[in-house]
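# Structural overview
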Amino acid sequence: MLTQVADGVWVRQSAWVWTNSIVVRREGGLTLVDPGIDGSELNELADDLDRLGIPVVAEFSTHPHWDHLLWHPRFGDVPRYATPAAAHAASEARERAQRMAAESASGVPLELIGLVTPLPADGGPVRGEIIEHEAHAVGHAAVLLADRGVLLAGDMLSDVLIPLLDARRPDQVGAYETALDRLGRGRQARRRRGPRPRRSCRGSRDSGAPRRRSCLHRRAAARRGSGRRASGARCGLALRTHHSNLAQARGR
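Note that the structure is predicted; figures quoted are calculated from it, not measured.

## Some remarks on the nonpolar core
Residues Val-9, Ile-22, Phe-60, Val-143, Leu-145, Val-150 and Leu-152 are the most contacted members of the largest nonpolar core, which totals 17 residues. Contributing elements (two or more residues each) for this core: strand E1 (3-6), strand E2 (9-13), strand E3 (20-26), strand E5 (56-60), strand E9 (141-145) and strand E10 (150-152). The leading source of residues in this core is E9, at three residues.

## Quick look at the side chain of His-72
Examined against the element boundaries, His-72 turns out to sit in the loop between E5 and strand E6 (80-82). By relative accessible area, which is 11% here, His-72 ends up buried. There is a polar contact of 3.0 Å between the side chain of His-72 and the backbone nitrogen of Arg-74. Sequence-distant contacts of His-72, that is, excluding residues within four places in its chain, are made with Gly-39, Leu-42, Asn-43, Pro-109 and Leu-112.

## A word on helix H3 (residues 94-104)
Those residues of H3 not exposed but buried are Ala-97, Gln-98 and Ala-101. The buried residues of H3 occupy an angular sector of 100° when projected down its axis, which confines them to one face. Exposed residues on H3 whose side chains face more than 90 degrees from its buried face are Glu-95, Arg-96 and Glu-103.

## A word on helix H2 (residues 84-92)
For H2, the set of buried residues is Ala-86, Ala-87, Ala-89 and Ala-90. One side of H2 carries all its buried residues, which in axial view fall inside an arc of 165°. Turned more than 90 degrees away from the buried face of H2 sit His-88, Ser-91 and Glu-92, all of them exposed. Buried residues belonging to H2 abut E6, H3 and strand E7 (117-118).

Conventions adopted
- Residues numbered from 1 in each chain as written.
- Predicted model: local features only at pLDDT ≥ 70, side-chain atom pairs only at ≥ 80, totals over all residues.
- Heavy atoms only, no water.
- Core = buried A, V, L, I, M, F, W, Y, C linked by side-chain atoms within 4.5 Å.
- Buried < 20%, exposed > 50% of the residue type's maximum accessible area, 1.4 Å probe, protein only.
- Helix = DSSP H or I, 4+ residues; strand = E, 2+ residues; numbered from the N terminus.
- Polar contact = N/O pair within 3.5 Å; in protein donor to acceptor, adjacent residues only side chain to side chain.
- Contact = heavy atoms within 4.5 Å.
- Arc of directions from axis to C-beta.

Structure follows, in C-alpha coordinates:
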(Lines give C-alpha, C1' and ligand atoms only; values in the text may rest on other atoms or scores of the structure.)
Protein backbone atom coordinates (compact mmCIF):
# COMPACT_ATOMS: atom_id res chain seq x y z
CA MET A 1 0.00 0.00 0.00
CA LEU A 2 1.00 3.61 -0.47
CA THR A 3 2.36 5.48 2.53
CA GLN A 4 2.14 9.28 2.54
CA VAL A 5 5.48 10.74 3.62
CA ALA A 6 4.87 14.43 2.90
CA ASP A 7 2.17 16.64 1.43
CA GLY A 8 1.42 15.12 -1.96
CA VAL A 9 4.19 12.51 -1.79
CA TRP A 10 3.55 8.78 -1.35
CA VAL A 11 5.83 5.73 -1.33
CA ARG A 12 5.15 2.07 -1.94
CA GLN A 13 7.97 -0.28 -0.96
CA SER A 14 8.74 -3.45 -2.89
CA ALA A 15 9.68 -6.78 -1.34
CA TRP A 16 12.52 -6.84 -3.88
CA VAL A 17 15.51 -5.32 -2.06
CA TRP A 18 13.12 -2.88 -0.38
CA THR A 19 12.90 -0.60 -3.39
CA ASN A 20 10.55 2.38 -3.41
CA SER A 21 8.04 3.55 -5.99
CA ILE A 22 7.42 7.27 -5.54
CA VAL A 23 4.17 9.10 -6.33
CA VAL A 24 4.21 12.89 -6.45
CA ARG A 25 1.09 15.01 -6.83
CA ARG A 26 1.37 18.05 -9.04
CA GLU A 27 -1.09 20.33 -10.74
CA GLY A 28 -3.14 18.20 -13.11
CA GLY A 29 -2.25 14.79 -11.75
CA LEU A 30 0.44 12.44 -10.49
CA THR A 31 4.04 11.88 -11.54
CA LEU A 32 5.45 8.42 -10.85
CA VAL A 33 9.16 8.14 -10.08
CA ASP A 34 10.87 4.77 -10.57
CA PRO A 35 7.81 2.48 -10.27
CA GLY A 36 8.57 -1.19 -9.61
CA ILE A 37 9.37 -3.96 -9.22
CA ASP A 38 7.68 -7.19 -10.28
CA GLY A 39 4.43 -7.48 -12.19
CA SER A 40 2.21 -8.15 -9.18
CA GLU A 41 3.64 -5.15 -7.33
CA LEU A 42 3.18 -2.91 -10.34
CA ASN A 43 -0.43 -4.09 -10.54
CA GLU A 44 -0.91 -3.42 -6.81
CA LEU A 45 0.57 0.04 -7.27
CA ALA A 46 -2.02 0.64 -10.01
CA ASP A 47 -4.72 -0.40 -7.50
CA ASP A 48 -3.32 2.13 -5.02
CA LEU A 49 -3.41 4.85 -7.66
CA ASP A 50 -7.01 3.99 -8.51
CA ARG A 51 -7.90 4.48 -4.85
CA LEU A 52 -6.24 7.90 -4.85
CA GLY A 53 -8.54 8.85 -7.72
CA ILE A 54 -5.95 11.15 -9.31
CA PRO A 55 -4.76 10.46 -12.87
CA VAL A 56 -1.14 9.68 -13.68
CA VAL A 57 0.19 12.32 -16.08
CA ALA A 58 3.91 11.46 -16.34
CA GLU A 59 6.76 9.28 -15.16
CA PHE A 60 10.40 10.06 -14.33
CA SER A 61 13.25 7.56 -14.19
CA THR A 62 16.13 8.72 -12.03
CA HIS A 63 18.63 6.65 -14.02
CA PRO A 64 18.80 3.98 -16.76
CA HIS A 65 19.24 0.81 -14.69
CA TRP A 66 16.58 -1.76 -15.58
CA ASP A 67 14.77 -1.54 -12.23
CA HIS A 68 14.22 2.18 -12.77
CA LEU A 69 12.79 1.82 -16.27
CA LEU A 70 9.66 -0.22 -15.54
CA TRP A 71 6.06 0.51 -16.40
CA HIS A 72 2.60 -1.07 -16.42
CA PRO A 73 -0.26 -0.56 -18.90
CA ARG A 74 -2.61 0.39 -16.08
CA PHE A 75 -0.56 3.51 -15.36
CA GLY A 76 -1.67 4.83 -18.73
CA ASP A 77 -0.10 5.99 -21.98
CA VAL A 78 1.59 9.08 -20.62
CA PRO A 79 4.95 10.79 -21.23
CA ARG A 80 7.86 9.01 -19.58
CA TYR A 81 11.03 10.97 -18.99
CA ALA A 82 14.66 10.75 -17.94
CA THR A 83 17.52 13.18 -18.37
CA PRO A 84 18.70 13.39 -22.00
CA ALA A 85 21.81 11.33 -21.22
CA ALA A 86 19.80 8.71 -19.32
CA ALA A 87 17.16 8.52 -22.04
CA HIS A 88 19.87 7.89 -24.65
CA ALA A 89 21.53 5.24 -22.48
CA ALA A 90 18.17 3.55 -21.83
CA SER A 91 17.47 3.37 -25.54
CA GLU A 92 20.92 1.95 -26.31
CA ALA A 93 20.70 -0.70 -23.57
CA ARG A 94 16.98 -1.50 -23.78
CA GLU A 95 17.38 -5.14 -24.82
CA ARG A 96 19.86 -5.75 -22.03
CA ALA A 97 17.48 -4.13 -19.53
CA GLN A 98 14.69 -6.41 -20.73
CA ARG A 99 16.89 -9.48 -20.26
CA MET A 100 17.91 -8.40 -16.76
CA ALA A 101 14.29 -7.73 -15.81
CA ALA A 102 13.22 -11.15 -17.09
CA GLU A 103 15.96 -12.76 -15.01
CA SER A 104 15.35 -10.76 -11.84
CA ALA A 105 11.59 -10.12 -11.59
CA SER A 106 8.41 -11.93 -12.59
CA GLY A 107 5.47 -10.65 -14.57
CA VAL A 108 7.16 -7.44 -15.69
CA PRO A 109 5.75 -5.99 -18.96
CA LEU A 110 9.04 -6.29 -20.84
CA GLU A 111 7.76 -4.43 -23.90
CA LEU A 112 7.32 -1.27 -21.80
CA ILE A 113 10.81 -1.17 -20.29
CA GLY A 114 12.97 1.83 -21.08
CA LEU A 115 10.52 3.82 -23.21
CA VAL A 116 11.69 7.15 -21.83
CA THR A 117 12.34 10.41 -23.65
CA PRO A 118 14.51 13.41 -22.72
CA LEU A 119 13.09 15.56 -19.96
CA PRO A 120 12.34 19.12 -21.17
CA ALA A 121 14.80 21.75 -20.02
CA ASP A 122 12.16 23.31 -17.78
CA GLY A 123 11.46 19.99 -16.07
CA GLY A 124 8.09 19.54 -17.73
CA PRO A 125 5.74 17.66 -15.42
CA VAL A 126 8.51 16.78 -12.95
CA ARG A 127 8.28 19.32 -10.18
CA GLY A 128 11.25 20.20 -8.00
CA GLU A 129 14.94 20.70 -8.64
CA ILE A 130 16.63 18.17 -10.93
CA ILE A 131 20.13 17.45 -9.60
CA GLU A 132 21.94 15.75 -12.48
CA HIS A 133 25.42 14.33 -11.94
CA GLU A 134 27.88 11.71 -13.23
CA ALA A 135 27.75 9.14 -10.42
CA HIS A 136 26.11 5.69 -10.21
CA ALA A 137 24.77 5.67 -13.78
CA VAL A 138 24.88 7.73 -16.96
CA GLY A 139 22.51 10.68 -16.71
CA HIS A 140 21.58 10.06 -13.08
CA ALA A 141 19.39 12.74 -11.53
CA ALA A 142 18.07 13.15 -8.01
CA VAL A 143 14.94 15.23 -7.47
CA LEU A 144 14.76 17.72 -4.61
CA LEU A 145 11.19 18.59 -3.63
CA ALA A 146 12.28 21.46 -1.42
CA ASP A 147 8.79 22.71 -0.64
CA ARG A 148 7.90 19.25 0.69
CA GLY A 149 11.16 18.40 2.41
CA VAL A 150 11.81 15.33 0.23
CA LEU A 151 14.92 14.26 -1.67
CA LEU A 152 14.46 11.47 -4.25
CA ALA A 153 18.04 10.24 -4.40
CA GLY A 154 17.71 7.33 -6.83
CA ASP A 155 20.11 4.83 -5.17
CA MET A 156 22.61 7.50 -4.17
CA LEU A 157 21.87 7.59 -0.43
CA SER A 158 21.17 3.97 0.34
CA ASP A 159 22.13 3.01 3.86
CA VAL A 160 22.92 -0.54 2.73
CA LEU A 161 24.70 -0.17 -0.64
CA ILE A 162 28.22 1.08 -1.04
CA PRO A 163 28.78 3.49 -3.97
CA LEU A 164 28.38 1.75 -7.33
CA LEU A 165 31.30 2.78 -9.54
CA ASP A 166 31.14 2.45 -13.33
CA ALA A 167 34.58 1.25 -14.47
CA ARG A 168 33.76 2.28 -18.04
CA ARG A 169 33.77 5.97 -17.11
CA PRO A 170 36.65 8.07 -15.78
CA ASP A 171 37.15 9.14 -12.16
CA GLN A 172 33.99 7.64 -10.74
CA VAL A 173 35.20 8.19 -7.18
CA GLY A 174 35.51 11.90 -7.93
CA ALA A 175 32.13 11.88 -9.66
CA TYR A 176 30.54 10.31 -6.59
CA GLU A 177 32.19 12.81 -4.26
CA THR A 178 30.92 15.70 -6.38
CA ALA A 179 27.43 14.21 -6.55
CA LEU A 180 27.24 13.67 -2.78
CA ASP A 181 28.41 17.24 -2.21
CA ARG A 182 25.62 18.50 -4.47
CA LEU A 183 23.01 16.40 -2.69
CA GLY A 184 24.33 17.66 0.63
CA ARG A 185 24.08 21.28 -0.47
CA GLY A 186 20.51 20.69 -1.58
CA ARG A 187 19.71 19.21 1.82
CA GLN A 188 21.34 22.13 3.65
CA ALA A 189 19.54 24.71 1.52
CA ARG A 190 16.23 23.10 2.37
CA ARG A 191 17.07 22.96 6.09
CA ARG A 192 17.63 26.72 6.06
CA ARG A 193 14.16 27.23 4.62
CA GLY A 194 12.09 24.68 6.46
CA PRO A 195 11.67 21.02 7.45
CA ARG A 196 14.56 18.66 6.93
CA PRO A 197 14.35 16.77 3.64
CA ARG A 198 13.44 13.12 3.75
CA ARG A 199 15.35 10.91 1.38
CA SER A 200 13.90 8.21 -0.81
CA CYS A 201 16.49 5.48 -0.60
CA ARG A 202 15.48 2.13 -1.90
CA GLY A 203 16.32 -0.53 0.60
CA SER A 204 16.23 1.30 3.90
CA ARG A 205 16.13 -1.00 6.84
CA ASP A 206 13.25 -1.46 9.20
CA SER A 207 13.84 -1.03 12.91
CA GLY A 208 15.41 -4.25 14.15
CA ALA A 209 15.64 -5.79 10.70
CA PRO A 210 18.89 -6.98 9.10
CA ARG A 211 20.48 -4.82 6.44
CA ARG A 212 19.76 -5.77 2.86
CA ARG A 213 20.89 -4.65 -0.58
CA SER A 214 19.21 -1.44 -1.67
CA CYS A 215 18.69 0.23 -5.00
CA LEU A 216 16.88 3.57 -4.20
CA HIS A 217 16.97 4.46 -5.17
CA ARG A 218 13.91 5.65 -6.18
CA ARG A 219 14.81 6.93 -3.15
CA ALA A 220 13.18 9.71 0.60
CA ALA A 221 13.73 6.46 2.36
CA ALA A 222 11.10 4.28 3.89
CA ARG A 223 11.47 1.92 6.78
CA ARG A 224 9.89 -1.34 5.76
CA GLY A 225 6.36 -1.69 7.05
CA SER A 226 6.54 1.18 9.52
CA GLY A 227 5.53 3.99 7.20
CA ARG A 228 8.14 6.25 8.78
CA ARG A 229 10.67 8.09 6.70
CA ALA A 230 14.34 8.83 7.09
CA SER A 231 15.08 11.85 9.23
CA GLY A 232 17.41 14.68 8.32
CA ALA A 233 19.96 13.20 10.71
CA ARG A 234 19.71 9.83 8.95
CA CYS A 235 20.15 11.53 5.60
CA GLY A 236 23.27 13.24 6.93
CA LEU A 237 24.58 9.91 8.21
CA ALA A 238 24.11 8.37 4.77
CA LEU A 239 26.09 11.21 3.20
CA ARG A 240 28.93 10.80 5.71
CA THR A 241 28.97 7.02 5.28
CA HIS A 242 29.22 7.23 1.51
CA HIS A 243 31.95 9.86 1.73
CA SER A 244 33.82 7.49 4.06
CA ASN A 245 33.42 4.64 1.56
CA LEU A 246 34.85 6.84 -1.18
CA ALA A 247 37.78 7.86 1.00
CA GLN A 248 38.57 4.16 1.49
CA ALA A 249 38.36 3.66 -2.29
CA ARG A 250 40.99 6.38 -2.68
CA GLY A 251 43.14 4.66 -0.06
CA ARG A 252 43.06 7.49 2.45
